[in-house]
Each structure stands twice: as structure tokens, then as C-alpha cells.
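So the chains spell out like this:
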Amino acid sequence: MENQTRVRFAPSPTGFLHLGGARTALFNWLFARKYGGTFVLRIEDTDLERSDQKSVEVILEGLKWLNLLWDEGPEVGGKYGPYFQSKRLHLYPQFIQKLLVEGKAYYCFCSPEELAERREKTIAQGKSWRYDRRCLFMEQKEKEQLIAEGKKRVVRFRIPEGVTSFVDLLRGEVSFANQELDDFIILRSDDMPTYNFACVIDDALMKISHVIRGDDHISNTPRQVLLYQALGFPLPAFAHIPMILGKDKTRLSKRHGSPSVTYYRDQGYLPEAMMNYLARLGWASGEEEKEIFSEEELIERFDLSNVTKHAAVFDLDKLNWMNGVYIRQRDNASLSRILVEILQKRGKITPSEVTPEMEGYCEQIVAIMKDRMKYLAQIVEEAAYFFEQEVQFDPEAFQKILMKEGTEEILSRCLEEFKEIDDFTAPRLEEVVRKQAENLGIKAAKLIHPLRVAVSGKRVGPGLFELLEVLGKKRVIERIGLALEEISRQRLTQSSSG
RNA sequence: GGCCCAAUCGAAUAGUGGUUAGUUCAGCGGGCUCUCAAUCCGCAGGCCGGGGUUCAAUUCCCCGUUGGGCCA
């Protein structure tokens, strides 16, 4: 017997895969994996104005990156296809027809202008407006006449009397008085089904057992429940998961930095870190001190019953911390591959420069940088000296460290020593520098700091000896030389102007 | 404006009718150290408000407030 647990993620391809969507997908995926069910991906692209192929690709790409692979849907198919709503349009008319015939839906000829006028009038009287059912009570003959004339019409669902309630797996029973819902449109004048209608038909035909979606859909649910009932479809279980908000507690959007999954990928966040972070937003296993969960651990522990009911604020600090943890866990070779990708995307290197040497160099870089990384693009942003021909001196570092009395002497001496080293490795370099400090009768730090600024332009960075080794003898010698030249140049300008 | 949902340190959360209300991130202080990190140790900080039920409420109920959502 096949497992009947079927869940779906049904995004609209109107932009990118945002974090909220990714988390909805994740919760569905975790649920399917935990219960041995099927995870369906359906693209709701009936809003042709706003949907485009590019967005579809971005969504698929984002899900794949997060390893949220779907069992049925685009690219993989399945027996309940098609999985693009735009390819399912032929499925809807029969259900519209059924509702019309049974008197559960009716044609409405009211134009938007007429509706607006009546609405304003009602509101002016201090009453709340919902559709006044003018067309529900129209004579059959008149309707036929109008249809024959080709007058524009929509189809409205007739809301029955009573109360509609459903069980939300997170909050228990939720009820709505039907009189609060108006006779909503299920088929637009251009014959396109509306969201609530298409969604119900698709979920029913795809045998979705659990509808797990954002809680912004709670108020759609009673309308959908009524449609299930009117059409005689079995009702799925519903679970409305809380939304993700920005720091200012408003819906996550572009204003809060980027909410797109692709952005984080391109910044060098790791998919396993993203998955872990998103899972922890609104969910906790209850184990103290445990924040890091592997995919398997998440599947094992995840349950809708311990998902919180309130919105969660996206916290970049915590994602950064978590990503750092995962970076430190990763092997250098795979980090190096990601770094090479980033370098290419940002035009720091060209595809022809991607040689085994470059990959090896990047591997050495991540090895000495991974302890201080939140995301890999920081290497490009804050340690560009690894890839640039000439060091850009941080002005403050230059003034405070390199312009100090005696720096030239120190750098020159180290330069001469370094030239003699064939075994240009961290331990050897450390030995030489410390010896030199001893000879000069000063602390090693007095040599280390100027050397760091000379070769990297910065006061902060990885351990000096590792840094020197990774940069290599040639670069180091060159850079110290250039730093010395720059120092004398500055001294000249300072003495002549001062 | 109508309806719906929610509420524990700054953020994510655990938890309970009687607890010193726990943990993770961030913050602060310290150890280590060539800087920055990583790491280790420590500190600070919270049950939205008001009623009720109860011997006892952060916990249960109601109202309010605030936030979010949907519709208009």
C-alpha cells in the first residue's frame, strides 16, 4: 500500500524564491520525508502578466540548492500532472459547470464600475460591503439573454449559510461566520480561474493530504473548505505556518536586505546552514544547547506540533554564526570550489584563470580563513589582497603601523631574510621572524604587525606566518618592497608639506 | 473599517498551576594570542497590561493592548 501522505509547495513564479517560500517548502519537505510521503512541486503560473520562465528557473534552482528535491513536479513529472497550473486550464471548466448546474455558483454580470459605485454607497451609509448578490436573484431568462449578447460575466461561488470551521494542525479549530465571506469570484471574465478555485481543484486532483502553507492563507482557507465541500472532495488537513518578518517586524521584503535564496547562495552561505537556520526559525526540538541539526536529524525530529504559532524575525546575526559553524565543518576542497565560483561571478577571475593552481591557492586561502568567516564572499570583500596585484593600503593601518619610526629598518631586514628562505612555510617563517625580533631585542609583535600591513594592507587578518606562506615568496618579497617604496614616498610628502 | 491569528530576555526558542524561568545568537567583561577571528570562562537581560478561577497563575479563562495577516 502506497503512503497516502502527500504535500505540496505551490509557488507563483513572480520573482525569486524568497526565504519565507523556502521555509514553507522546507517544512513541507521535512514533513514528507518524516512520514515517508510525497513532496509535490506545483507552479502556480496562471497570472500570466506577472509570471515568467526566468522566475520558474530561479525557484527550481533555489530548491535544488537547498536540496529540497521534489518527488513530483516540473522536470521529474508524476502521475498527477501537469504541474504547471497554466497547463491545467482545461481541468477547471467541468468543475465550474458542476457548481453552476447545482446552483452552488452563479453568473454575475456586474461590471467593476457598477460594483464600485454600490460599494461606495454602502460604505457611505456606514455599513460594511460585500457582494450584494444582485445577479444571484436575476431571472433565468435575463441571464440567458445577457450571455447570448456576449456580456462580460464572472462566476461567483454562492456562500451557504452557517459557520465554516477547519482544524489547523498548529492551532486547533478555526471558525469563520459564513456571512463574513462574500460570494467570491471563482472564474474571471477572461475565463481564468481565481487562486482559491484553482488551488482547491489542483490540491484535490493531486490528492494532497496536508496543505502546509504560510499563515497569510488562513483567511483563504474557509473559502477553500467550502469549495471542497461543494464539490464533494475529501478535505485535506491544514497547517498554517507562521511568517518570517524583518527586523522591524514587518513582512520580509527587499527593504530588509535581500530576501532571496539566490542572494545567500551567491554570498557564500552553505545550503546546509540555510536549511538548518530556516528550520530553527519557528521550530525547536526542545533539546537544550542544540542548534546544529543535520538533514537527517531534522527529518527525525521535525514535527508540526512543535512549530510555533507566531511570526519569527529573521536574524542575520544568527544565520551568520550558524553558517560559520558549517564553514568550519566543511572540507577545504569544497569550500575552495565555492570560492572559485564567487570569484568568477564577481569578475575577480576569468574562466580561463580557473586552473588547478588557482584552485589549490583558493584551498589554501579557505584553510587559513575559515575560522573567521561568516560567509565565503567575505574573502572577496575583506581580503581582496589575495587576488589583487597591488595591495590597497588601509589608510589608518598605513599611518599607524607602517609610518612608525623604525618600520623601514624592520621591513628591510625581514625582506633580506625572506629572500634567503627556500622553504617558505609558516613554521620556517615564524622561526626566522622570531629570531630576528630577538636579534633586534624587541617583541615579535613589533615585526608581525608591520609585515601584515605590508603584505595585505590591513591590520586584521589570518595569522601572519600562514598568510605569508599562502601568498608565497614571490608576492611577499614584491609587496614588502612596494611597501618600503610607499613609506619613503609618504615620508617625503610629509616632510615637504609639514 | 470588518474578520482571523498570535504574544516568554534585543532575536530565535524551551518550559511549568508552586522552578533561582533554561538554552542558542547578539551585547558586555575576561583567559588564550602577532591582529581579527575561532575557542574557553564569566556577566547582564524576559514571562505585554488588567481582571477573573485558584491556597497558589508566566502557565487556565475573559477583556484590552500591541504585532501580523486576509478582505475592503
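Note that the structure is a prediction, hence the values are computed from the model and not measured.

With that settled, consider the domain arrangement of chain A. Taken as a whole, chain A is organised into domain 1 (6-73 + 245-313), domain 2 (89-241), domain 3 (331-386) and domain 4 (395-497). Spacing between the C-alpha centres of domain 2 and domain 4 amounts to 74 Å.

Using the criterion set out here, one finds 21 aromatic pairs in the structure. Between Y92 and F197, the ring centres sit 6.5 Å apart and the planes meet at 65 degrees, which makes this aromatic pair edge-to-face. Highlighted residues: Y92 in the loop between α2 (53-65) and α3 (93-101) and F197 in helix α6 (residues 195-205), separated in sequence by 105 residues. With a relative accessible area of 1%, Y92 lands in the buried category. The interplanar angle of 65 degrees and the centroid separation of 5.4 Å between the aromatic rings of W283 and F293 together place this pair among those described as edge-to-face. With W283 in the loop between α9 (271-280) and α10 (295-301) and F293 in the loop between α9 and α10, this pair connects stretches of sequence that are 10 residues apart.

With that out of the way, let us pick up the pairing of strand β9 (residues 237-241). In regular strands, side chains alternate between the two faces of the sheet. Burial within β9 is extensive, with 4 of its 5 residues counted as buried. Taken together, the 5 bridges between strand β8 (residues 210-214) and β9 define a ladder with parallel strand orientation. By the bridge assignment, V211 is partnered in β9 with F238. Read as a crossover between parallel neighbours, the route from β8 over helix α7 (residues 221-231) to β9 is right-handed.

A separate point is the protein's contact with RNA strand B. Within the structure, RNA strand B sits among 48 residues, and G282, E288, E289, R372 and H449 are positioned closest to it. Near the protein, meaning within 4 Å, the atoms of RNA strand B are sugar or phosphate in a fraction of 80%, with bases accounting for the rest. At a separation of 3.1 Å, a phosphate oxygen of RNA strand B approaches a polar side-chain atom of K249. Here a phosphate oxygen of RNA strand B sits 3.1 Å away from a polar atom, N or O, in the side chain of H310. Secondary-structure elements contributing two or more residues to the surface near RNA strand B are α4 (112-124), β6 (172-177), β11 (312-313), α11 (316-329), α18 (445-456) and α19 (464-471).

So, on to the sheet that holds strand β3 (residues 105-108). Read across the open sheet, the 3 strands follow the order β3-β4-β7; overall the sheet is antiparallel. Each end of this open sheet is capped by a strand with a single partner; those strands are β3 and β7 (185-187). Sheet twist, expressed as the mean angle between neighbouring strand axes with direction ignored, is 45 degrees. As judged from the 4 bridges shared by β3 and strand β4 (residues 154-157), these two strands associate in the antiparallel manner. Considered in β4, the bridge of Y107 is made with V155.

Our focus in this paragraph is α9. Taken across its 10 residues, α9 has 9 buried, putting it largely inside the fold. Every buried residue of α9 is accounted for by P271, A273, M274, M275, N276, Y277, L278, A279 and R280. The first or second residue beyond α9 is G282, which carries a positive phi of 95 degrees.

Bridge count between strand β5 (residues 163-168) and β6: 6 bridges; the pairing is antiparallel. Across the sheet, residue V167 finds its bridge partner in β6, namely E173. Linking β5 to β6, which pair antiparallel, is a turn of 3 residues.

Another point: the side chain of Q267. Within the secondary structure, Q267 is located in the loop between α8 (261-266) and α9. Q267 sits in the buried class, given a relative accessible area of 9%. A distance of 3.4 Å separates a polar atom in the side chain of Q267 from a polar atom in the side chain of E381. Every residue in contact with Q267, bar those within four places of it in the chain, is listed here: I342, R346, Y375, L376, A377 and E381.

The rules we used
Residues numbered from 1 in each chain as written. Chains lettered and ligands numbered in written order. Predicted model: local features only at pLDDT ≥ 70, side-chain atom pairs only at ≥ 80, totals over all residues. Heavy atoms only, no water. Domains from an automatic or database assignment. Phe/Tyr/Trp six-rings, centres within 6.5 Å; stacked < 30°, edge-to-face > 60°. Helix = DSSP H or I, 4+ residues; strand = E, 2+ residues; numbered from the N terminus. Buried < 20%, exposed > 50% of the residue type's maximum accessible area, 1.4 Å probe, protein only. Pairing = 2+ DSSP bridges. Right-handed = clockwise from strand over helix to strand, strands pointing away. Near = heavy atom within 4 Å. Polar contact = N/O pair within 3.5 Å; in protein donor to acceptor, adjacent residues only side chain to side chain. Axes fitted to C-alpha atoms, helices over the stretch in contact; angles between N-to-C directions. Contact = heavy atoms within 4.5 Å.

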